[in-house]
Amino acid sequence: MAPKKLFTLFFLASLFLLLLSPSCSENVTISVYYETLCPYCADFIVNHLVKLFQNGLNSIVNLRMIPWGNSMIKPDGTFACQHGPDECLLNTIEACTISIYPDVVQHFSFIHCVEGLTLEKRQAEWINCFEYTRLGKVPIDCYSNGNGKLLEQKYATETAQLQPPHRFVPWVIVNNQPLQEDFMNIITYVCKAYKGSQVPEACRSLPTNNNTPENAESNSSFCYAGDVKN
């Protein structure tokens, strides 16, 4: 299926589910700390996190995306990103998109598009994701005028203050609980954390035991902190 059609369908389906959402007062908060060119982050976002929008789970979730990851701020104020300057650019573009389009369906659809291109090693085509997701190109102005840098500095501070500190990305936190190596079991953690009455079908179909998924069952890979290119 053509990318444009795929992301149009994704957006419309997600918007419909969002309109059916219950009150967000009891929602589970998910924070995803990632970087745009980490292949493991891209795989998690494109093939796993997206399931929140495909089965109604987004109705019980407050999803926060934090595109900074293992980047660093140099003494001169410039950024050093783990996968080079292109990652610094895309981190900032995604930060700008999140800020300008705060609706999670809108900015996640754009992030999903960019990360899908990353998996295909076509990230240089990222600008096409504005057309695919029917969003304006205002985030490019945000990047150019320096506002994006301020957003990234904010994300850098938040990431640096994580307790325990993140060791790799994607680093996923559900209601203040870091999932660490077990982030692929995010749906199970979300369902166990939700205390509201409008339980989605995706949660009702899970096993009814009270055990937390074991890390040994996760076959995840990561981009470890500390290995940053100049």
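The following paragraphs examine the structure supplied in this document.

Cut-off values and rules
- Here the residue index of a chain counts from 1 through its sequence in written order.
- Where local features are concerned, this predicted model is filtered to residues with pLDDT of at least 70; where side-chain atom pairs are given and counted, the filter is 80 or more; whole-chain, interface and lining totals use all residues.
- Excluding hydrogens and water, the side-chain figures rest on all heavy atoms present in the structure.
- Our working definition of a disulfide is a cysteine sulfur pair at a distance within 2.5 Å.
- Buried means the residue's accessible area, taken with a 1.4 Å probe over protein chains only, is under 20% of the maximum for its type, while exposed means over 50%, and partly exposed covers the values in between.
- Secondary structure elements are taken from DSSP: a helix is a run of H or I of four residues or more, a strand is a run of E of two residues or more, and numbering for both begins at the N terminus.
- Salt bridges are counted wherever a side-chain nitrogen of Lys or Arg sits within 4 Å of a carboxyl oxygen of Asp or Glu.

## Topic: the state of the cysteines
- Tallied over the entire structure, the rule returns five disulfides.
- Disulfide partner of Cys81: Cys88, at an S-S distance of 2.1 Å. Every disulfide takes its handedness from the sign of the S-S torsion; for Cys81 and Cys88 that torsion is 115 degrees, giving right-handed. Cys88 shares its class with Cys81; the two are buried.
- Between the sulfur of Cys191 and that of Cys203 lies a disulfide, 2.0 Å long from S to S. A torsion of -80 degrees about the S-S bond marks the disulfide between Cys191 and Cys203 as left-handed. Residue Cys191 is located in helix 8 (residues 186-193), and its partner Cys203 is located in helix 9 (residues 201-204); the two are separated by twelve residues in the primary sequence. You'll find Cys191 and Cys203 in the same group, each marked buried.
- Across the chain, the way the bonded cysteines pair up, counted in sequence order, is 1-10, 2-3, 4-7, 5-6, 8-9.
- As a non-bridged cysteine, Cys41 has Cys38 as the owner of its nearest cysteine sulfur, 3.5 Å distant.
- Residue classification places Cys41 among the buried positions, given a relative accessible area of 0%.

## Looking at the pattern of salt bridges
- Counting across every chain of the model gives five salt bridges.
- For the salt bridge of Glu125 with Arg122, the shortest nitrogen-to-oxygen distance reads 2.8 Å.
- Among the residues examined, Arg122 registers a relative accessible area of 28% and is labelled partly exposed.
- Residues Glu201 and Arg204 are paired through a salt bridge, measuring 2.9 Å at the closest nitrogen-oxygen approach. Of this pair, Glu201 and Arg204 both sit in helix 9, three residues apart, which is roughly one turn of the helix.
- Via salt bridges that share partners, Glu120, Arg122 and Glu125 belong to a single interconnected network.

Nothing here speaks to function; it is all geometry.
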